[in-house]
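Observations on the model geometry
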Amino acid sequence: MAGSTINPSSTKMTCPGVNLSIPSGKMARPTFNPSSTKIICPGVNSSIPSVYWTTSCVVTKLLPVLYSELDYHDVAAVNQRCQSICDLWDQLGTLTQKRREALERTEKLLETIDQLFLEFAKRVAPFNNWMEGAMEDLQEMFMVHTIEEVQSLIGAHEHFKATLPEADGERQAIVGIHNEVLKISQSYGIKANINNPYSGITTEELLAKWDKVKMLVPQRDGSLQEELARQHGNERLRRQFAAQANLIGPWIQTRVEEIGRCALEMGVTLEDQMTNLKQIEHVIVGYKPNVDKLEGKHQLIQESLVFDNKHTSYTMEHIHVGWELLLTTIARTINEIKTQILTRDAKGISLQQMHEFRSSFNHFDRETAGKLRPGEFKACLLRAGQVCSDKQGEVEFARIMLLVDPSATGLVSFQSFIDFMSRETADTDTADQVVASFRILASDKPYILLEELRRELPADQAEYCIMRMPPYPGSGAPPGALDYTAFSTALYGESDL
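These remarks concern the structure in this document. (Residues numbered from 1 in each chain as written. Predicted model: local features only at pLDDT ≥ 70, side-chain atom pairs only at ≥ 80, totals over all residues. Heavy atoms only, no water.)

1. As for unusual backbone geometry
Stated formally: Each residue's exposure class comes from its accessible area (1.4 Å probe, protein chains only) as a fraction of the maximum for that residue type: buried when under 20%, exposed when over 50%, partly exposed otherwise.
In this structure, L305 takes a positive phi of about 60 degrees despite not being glycine. On the accessibility criterion, L305 (53% relative accessible area) is exposed.

2. Topic: the nonpolar core
Which entries qualify depends on this criterion: Nine residue types can take part in a nonpolar core, namely buried Ala, Val, Leu, Ile, Met, Phe, Trp, Tyr and Cys, and a core is a set of them joined through side-chain atoms within 4.5 Å. Numbering goes from the N terminus for both helices and strands, where a helix is a DSSP run of H or I of at least four residues and a strand is a run of E of at least two.
Ranked by size, the top nonpolar core spans 47 residues in total, and within it I252, L277, I284, W323, L326, F377 and F417 carry the most contacts. If you list the elements that add at least two residues to this core, you get α6 (203-263), α7 (270-303), α8 (316-347), α9 (351-364), α10 (374-384), α11 (391-404) and α12 (414-426). Judged by nonpolar contacts, the second largest core, of 26 residues, contains V181, I201, L206 and V217.

3. Some remarks on the pattern of salt bridges
The condition is simple: The salt bridge definition used is simple: a Lys or Arg side-chain nitrogen within 4 Å of an Asp or Glu carboxyl oxygen.
Enumeration according to the criterion identifies 20 salt bridges in this entry. When salt bridges with common partners are traced through the structure, they connect E235, R238, R239 and D308 into a single cluster.

4. Things to note about α9
Stated precisely, the cut-off is as follows: The length a helix should cover is 1.5 Å for every residue beyond the first. The arc in question is the one spanned by the directions pointing from the helix axis to the C-beta atoms.
Spanning 14 residues, α9 covers 20 Å between terminal C-alpha atoms, matching the ideal 20 Å at 1.5 Å per step. The set of residues buried in α9 consists of M354, F357, R358, F361 and F364. Taken end-on, α9 shows its buried residues confined to a sector of 140 degrees, consistent with a single buried face.

5. A closer look at the packing of aromatic side chains
The test is simple: Centre distance within 6.5 Å is the pairing criterion for rings of Phe, Tyr and Trp, where only the six-membered ring of Trp is used; planes under 30 degrees apart are then read as stacked, over 60 as edge-to-face, and the remainder as tilted. Here, over-ring charges are defined by two tests on the NZ atom of lysine or the CZ atom of arginine: distance to the ring centre within 6 Å, and angle to the ring normal within 35 degrees.
Scanning the model with the defined rule gives 13 aromatic pairs in all. Between F377 and F417, the aromatic rings sit 6.3 Å apart at their centres with planes inclined by 80 degrees, giving edge-to-face as the arrangement. Taken together, the residues F377 in helix α10 and F417 in helix α12 connect sequence positions 40 residues apart. Of the two residues, F377 and F417, both sit in the buried class. Both rings, one in F377 and one in F420, keep their centres 6.0 Å apart while their planes meet at 75 degrees; by these two values the pair is edge-to-face. Here F377 is found in helix α10, whereas its partner F420 is found in helix α12, with 43 residues between them in sequence. Side by side, F377 and F420 carry an identical accessibility label, which is buried. Over the ring of F397 we find K378, and its NZ or CZ is 5.8 Å from the ring centre.

6. A short note on a negative patch on the surface
Threshold: Every patch collects residues that have over 30% relative accessible area and no salt bridge, joining them within 9 Å if they carry like charges and within 5 Å if they are nonpolar side chains (Val, Leu, Ile, Met, Phe, Trp, Tyr). Note that accessible areas follow from Shrake-Rupley with a 1.4 Å probe, and for residues the cover is restricted to the protein chains shown. Two residue types count as positive, namely Lys and Arg, and two as negative, namely Asp and Glu; His and chain ends fall outside the count. Where a charge sits is defined by one atom per residue type, namely NZ (Lys), CZ (Arg), CG (Asp) or CD (Glu).
Side chains of E101, E104, E107 and E111 sit close together on the surface and give a patch of like negative charge. Within the secondary structure layout, E111 lies in helix α3 (residues 75-139).

7. Section: the packing of α6 against α7
Applicable threshold: The angle between two axes is taken between their N-to-C directions and runs from 0 to 180 degrees, where each axis is a line fitted to C-alpha atoms and a helix contributes only its stretch in contact. Here roughly perpendicular refers to angles of 65 to 115 degrees, roughly parallel to angles under 35, roughly antiparallel to angles over 145, and oblique to all remaining angles. Whether a crossing is left-handed or right-handed is set by the direction in which the near helix is turned from the far one by less than a right angle, anticlockwise for left-handed and clockwise for right-handed. Polar here means any residue outside two lists: the nonpolar Ala, Val, Leu, Ile, Met, Phe, Trp, Tyr, Cys and Pro, and the charged Asp, Glu, Lys and Arg; Gly therefore counts as polar.
Orientation of α6 relative to α7, taken along the N-to-C sense of each, is 160 degrees, at an axis distance of 10 Å. In terms of their interaxial angle, α6 and α7 are classed as roughly antiparallel. Classified by chirality, the crossing of α7 by α6 is left-handed. Tallied by class, residues from the contact of α6 with α7 come to 18 nonpolar, six polar and four charged.

8. A closer look at the environment of F397
Rules: Any two residues having at least one pair of non-hydrogen atoms within 4.5 Å are treated as being in contact.
The topology assignment puts F397 in helix α11. Considered as a pair, F397 and K378 are 19 residues apart in the sequence and their alpha carbons are 7.2 Å apart. Beyond its immediate sequence surroundings of up to four residues, F397 is in contact with P374, F377, K378, L381 and V387.

9. Some remarks on the side chain of R238
To be explicit about the condition: Two N or O atoms count as a polar contact when they lie within 3.5 Å, although within protein this holds only if one can serve as hydrogen donor and the other as acceptor, and sequence-adjacent residues are included solely when both atoms are side-chain atoms.
Along the polypeptide, R238 turns up in helix α6. Among the residues examined, R238 registers a relative accessible area of 4% and is labelled buried. A polar contact of 2.5 Å, which involves the side chain of R238, links it to the backbone oxygen of H145. In terms of polar contacts, R238 uses its side chain to reach the backbone carbonyl oxygen of D308, at 2.9 Å. If we skip the residues at most four places from it in the chain, R238 touches H145, Q231, I301, V306, D308, N309 and H311.

Below, the structure is given as structure tokens:
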């Protein structure tokens, strides 16, 4: 809107777009209609906004006074004052317009900053979660036992490192948003609070976490490489242990089988068997350093916390058990051969008889275990005609089992078999041997109790003895004590029982 002007030499005020050429004394006073937003001034263009006429009409109200007082001596001063008011009004309008434009510009800048803040919050939240997850994974302890497991972890870590450039690009984009906010604020002098209302994560926190991720990555690399080297060392220990164990385990089994074959060998004398067993024993003793060496490998494996070995089915526990079994077997077999030699010499058993006993025993030892089970022993006795298959034969077999298996183990050794067969052949000292067997069951007491018989003997043998064994006649025995001496002698017709 053009500014109003006043001519000091005139009694009129000139206002562009407004007709103020009204004869003096005839100017109507302006009126204000409360229901309208305009001031109604007769003869004046009433389409001018009220904000203009609010002040303009104040000036024009002075004119009727000036016109009615034509002889006023200071009309020029009044006109000058009116001009000053109009100038101030124009200045106020200009400042108001500038203020409005500045506020509108600032509003748009703040809207831009708000959108940047919102974009920052949308992108920083998932990126922060990713960094926290990455830090947790990079610091996680790992428990692996094989090279393959470590290589799997290394592969996963390399895949993670391949994503770091993309993650760094996202970080730079997020930081760029923050920098754009700072640039706008500094360029336009916005001093308002520029904290992001949509996110509690600051750029400083973001950068600190990113620096920690970059620090943890090479540390993880080093840890994985150290673990890989350790697992390679463990694998070498596994292979070294397996190479020895796979030799020692079968060797022990072979020696056990060799001892069994030697003990059951036909066609050689007992002295030859003893010589062969002594040679095997010498070989076993000489092999002991190999087991000790394997034990040293096992100790290293234990110190390295290696708990499995896919290269062998043998463990050190298996080797220990097998070795102890080997030592026990060779010692027991040698003692058995010694006993057989003593028995042979004491009873005058010929070489032919020993071969017959061995042949019969081996024939019924179907499991080649060096011992006969009751069924196998009974089959041997039936074939030899020692017992019958009727009820009386069952009773007789129970009696014989007491002789050959006094401890009720359910097994008959070759030595017991020889003792029985030679005794049956010679028919001597049978009653005394039965007494000796019962004395063992009775813990050297001259009598035996019902509980001891039932505890030590199979049920049928125990009942057989209880039914036929007389009460113990001696003093100092508890009630129910039985006389096993009278019973034993009665079995062989040496008493009237």
